[in-house]
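Descriptive structure summary
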Amino acid sequence: MNRLSTPAAATPFTTPWGTLDLTRYPEDPRERLRAWDAADEYLLRHLAGEAAGAEGGATDLTGRTVVVLGDRWGALTTALAAHAPVQISDSHLGRQATLANLARAGAAPGAARLLTTQDTRPERIDVLLVRVPKSLALLEDQLHRLAPAVHPGTVVIGTGMVTEIHTSTLRLFERILGPTRTSLAVRKARLVFCTPDPALDPGPNPWPHSYALPDDIGPAAGRTVVNHAGTFCAERLDIGTRFLLGHLPAAAPGDRVVDLGCGNGVVGTAAALAGPGAEIVFVDESHQAVASAEATFRTNLGPDAPARFLTADALDTEAVPAGSVDLVLNNPPFHSHQATTDATAWRMFTGARRALRPGGELWVVGNRHLGYHVKLRRLFGNCQLVAGNPKFVILRAVKR
């Protein structure tokens, strides 16, 4: 692969297969966070036989089914494009970054097969490379799903920063796949080596699972929430969402309501219960979240209630047409993997403004200290405090 022109937000990533210019998605010339880190670098150097501890030399990838699980921005998939890897990712943004990075590296169309965490797995996996996710539940779920395709000769290597790999991480590999050990740390990154044991019985996959909502949260009180692994607050209702549910506006019949960053769909489901006849649109960049939202909504409102379920970046133009929405409900995240950032919230707010009809409203719940009112006033020209407590505020902005 040749190194082509470098966009402003790209950072060069030197690998045993050449130097790549990689970006996150969406590309932003002001972006200071890289699309790769020392964990990606360590794994690739090990595969090439260049890392300390790679006793057997380079790992033979020729003609083998290589699966990359959890590649965050496509660094691993792009570097290994010559070996036709299969990428499995929960992230829509990560998938789009991978496509852009593959194209920039000069990879042939279709050089990599990109699957979501909800898609059917390859029947056989010869090399399994795991970028350890932040969510142990997601790792547990994905290892369970992949285990039937792993055989005694499968090479299984995980990678992550030392702050991401814990004893509980290693126990998951051992319980589901087989004996596991770790490497020495290099530049604060570590590798995980697992030897598949075909005689191992890990038991059933515990995901998805459900819980009942509390009785004091309005229209959704006592309702069932369905959670796929990795969904935000999959074990319980988070306190920010709970606060919003206690002040939820009622939609009129025929209104289009967007649950933006829907997670497991509790807010959109509550909006549907509070406003019969409204059309609910669930949007999240996580495939696990959108699957959870659909399961939650259908469990409580049945198969025929009007709703759409979209995996997308905020409210981009392909997801929801401009001027087509009456109400947007939003609990924006302020983390991207390990980094704290308001970039996602800003894209959500600008996308909401574009999607709203004149007179349409954006309702946001957020930590008080994040100061979202400043952004909303700048963008909408207005912002009203609906409710507040010592930790959270609910803000309302109207498109004029």
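Here is a short report on the structure shown in this document. Numbering of residues starts from 1 in every chain and runs along the sequence as written. Reporting of local features is limited, given that this is a predicted model, to residues whose pLDDT is at least 70; pairs of side-chain atoms are given and counted only at 80 or more, and all residues count toward the totals for whole chains, interfaces and linings. Calculation of side-chain values draws on the structure's entire complement of heavy atoms; hydrogens and water are dropped beforehand.

1. Focus on the overall build of the protein chain
Just so we agree on the cut-off: Secondary structure elements are defined from DSSP: runs of H or I of at least 4 residues count as helices, runs of E of at least 2 residues count as strands, and each element is numbered from the N terminus. Here's how the labels work: a residue is buried when its accessible area is under 20% of the maximum for its type, exposed when over 50%, partly exposed in between, all with a 1.4 Å probe on protein chains only. In this description, contact between two residues means that some pair of their heavy atoms is separated by no more than 4.5 Å. The Shrake-Rupley method, run with a 1.4 Å probe sphere, supplies the accessible areas, and residue values consider only the shown protein chains as cover. Residues counted as positive are Lys and Arg, residues counted as negative are Asp and Glu, and His and the chain ends are not counted. For the purpose of locating charges, the reference atoms are NZ of Lys, CZ of Arg, CG of Asp and CD of Glu.
Regarding its fold elements, the protein chain presents ten helices and 20 strands. With the C-alpha coordinates aligned to their principal axes, the bounding extent of the protein chain is approximately 65 × 50 × 40 Å. In the protein chain, which comprises 400 residues, the proportion classed as buried is 56%. Residue pairs at least 24 apart in sequence account for 66% of intrachain contacts in the protein chain once pairs closer than 6 positions are excluded. Only carbon and sulfur atoms are counted for the fraction: they give 51% of the accessible area of the protein chain, which is about 16,800 Å². Put simply, the protein chain has 40 plus and 38 minus side-chain charges, and the middle of one group is 7 Å from the middle of the other.

2. Quick word on the pattern of salt bridges
Short version of the rule: Between Lys or Arg on one side and Asp or Glu on the other, a salt bridge is scored when a side-chain nitrogen of the former is within 4 Å of a carboxyl oxygen of the latter.
Following the criterion strictly, the structure yields 14 salt bridges and no others. Between Arg187 and Glu41 there is a salt bridge; the shortest N-O distance is 2.1 Å. Highlighted residues: Arg187 in the loop between strand E8 (180-182) and strand E9 (189-194) and Glu41 in helix H1 (residues 38-47), separated in sequence by 146 residues. Judged by its relative accessible area of 19%, Glu41 is buried. Here Asp141 and Arg145 are joined by a salt bridge, their closest N and O atoms 3.1 Å apart.

3. Description of the sheet that holds strand E20 (residues 392-398)
Definition in use: Here a strand pair is declared whenever DSSP counts at least two bridges between the two strands. Fitting a line to C-alpha atoms yields each axis, with helices limited to the stretch in contact; the angle taken between N-to-C directions then spans 0 to 180 degrees.
The strand order across the open sheet formed by seven strands is E14-E13-E12-E15-E18-E20-E19, and the pairing between neighbours is mixed. If you trace the sheet from one side to the other, it starts and ends with strand E14 (307-311) and strand E19 (384-388), each paired once. Neighbour-to-neighbour, the strand axes of the sheet open up by a mean angle of 15°, direction not taken into account. When strand E18 (residues 356-367) meets E20, the two strands line up antiparallel, connected through seven bridges. Across the sheet, Gly366 pairs through a bridge with Val393, a residue of E20.

4. Comments concerning the environment of Asp313
Our working rule: In protein, a polar contact means a hydrogen-donor-capable atom and an acceptor-capable atom, both N or O and within 3.5 Å, with residues adjacent in sequence counting only if both atoms are side-chain atoms; elsewhere, any N or O pair within 3.5 Å suffices.
Counting through the fold element by element, Asp313 comes out in the loop between E14 and strand E15 (325-330). Owing to a relative accessible area of 10%, Asp313 belongs among the buried residues under this scheme. Discounting chain neighbours no more than four positions away, the residues touching Asp313 are Tyr25, Pro26, His92, Leu93 and Arg347. Within the structure, Asp313 has its side chain in polar contact with the side chain of Arg347 (distance 3.1 Å).

5. Points about the side chain of Arg131
Secondary-structure assignment places Arg131 in strand E6 (residues 125-131). For Arg131, the side chain forms a polar contact with the side chain of Asp37, separated by 2.9 Å. A distance of 3.2 Å separates polar atoms of two side chains, one belonging to Arg131 and the other to Asp40. Arg131 has contacts with Asp37, Ala39, Asp40, Leu69, Gly70, Asp71, Arg72, Thr159, Gly160, Met161 and Glu164, leaving out every residue within four places of it along the chain.

6. Re the state of the cysteines
Defined as follows: A pair of sulfur atoms, both from cysteines and within 2.5 Å, is called a disulfide here.
Tallying each qualifying case throughout the model produces zero disulfides. Between Cys233, a cysteine without a disulfide, and Cys262, which holds the nearest cysteine sulfur, the sulfur-to-sulfur distance is 14 Å.

7. Considerations on helix H3 (residues 92-104)
Rules: In a helix, the anticipated span is given by 1.5 Å times the number of residues less one.
Here H3 spans 18 Å end to end across 13 residues, near enough to the 18 Å set by a 1.5 Å rise per residue. Along H3, the residues classified as buried are His92, Leu93, Gly94, Ala97, Thr98, Asn101, Leu102 and Arg104. One or two residues past the end of H3 sits Gly106, with phi positive at roughly 80°.

8. Focus on the sheet that holds E9
What links the strands of a sheet is backbone hydrogen bonding, and the strands pair in either a parallel or an antiparallel sense. Pairing is mixed across the open sheet formed by seven strands, whose spatial order is E5-E4-E3-E6-E7-E9-E8. At either end of the open sheet lies a strand with only one pairing partner, and these are strand E5 (113-116) and E8. Neighbouring strand axes in the sheet, compared pairwise and without regard to direction, differ in orientation by 20° on average. Bridge count for strand E3 (residues 66-69) against strand E4 (residues 86-89) is three bridges, and the pairing is parallel. Its bridge partner lying in E4, Leu69 is registered against Ile88. Each of E3, E4, E6 and strand E7 (150-161) touches helix H4 (residues 136-146); the most contacted strand, E6, lies at about 175° to it.

These results come straight from atomic positions and should not be treated as a statement about function.
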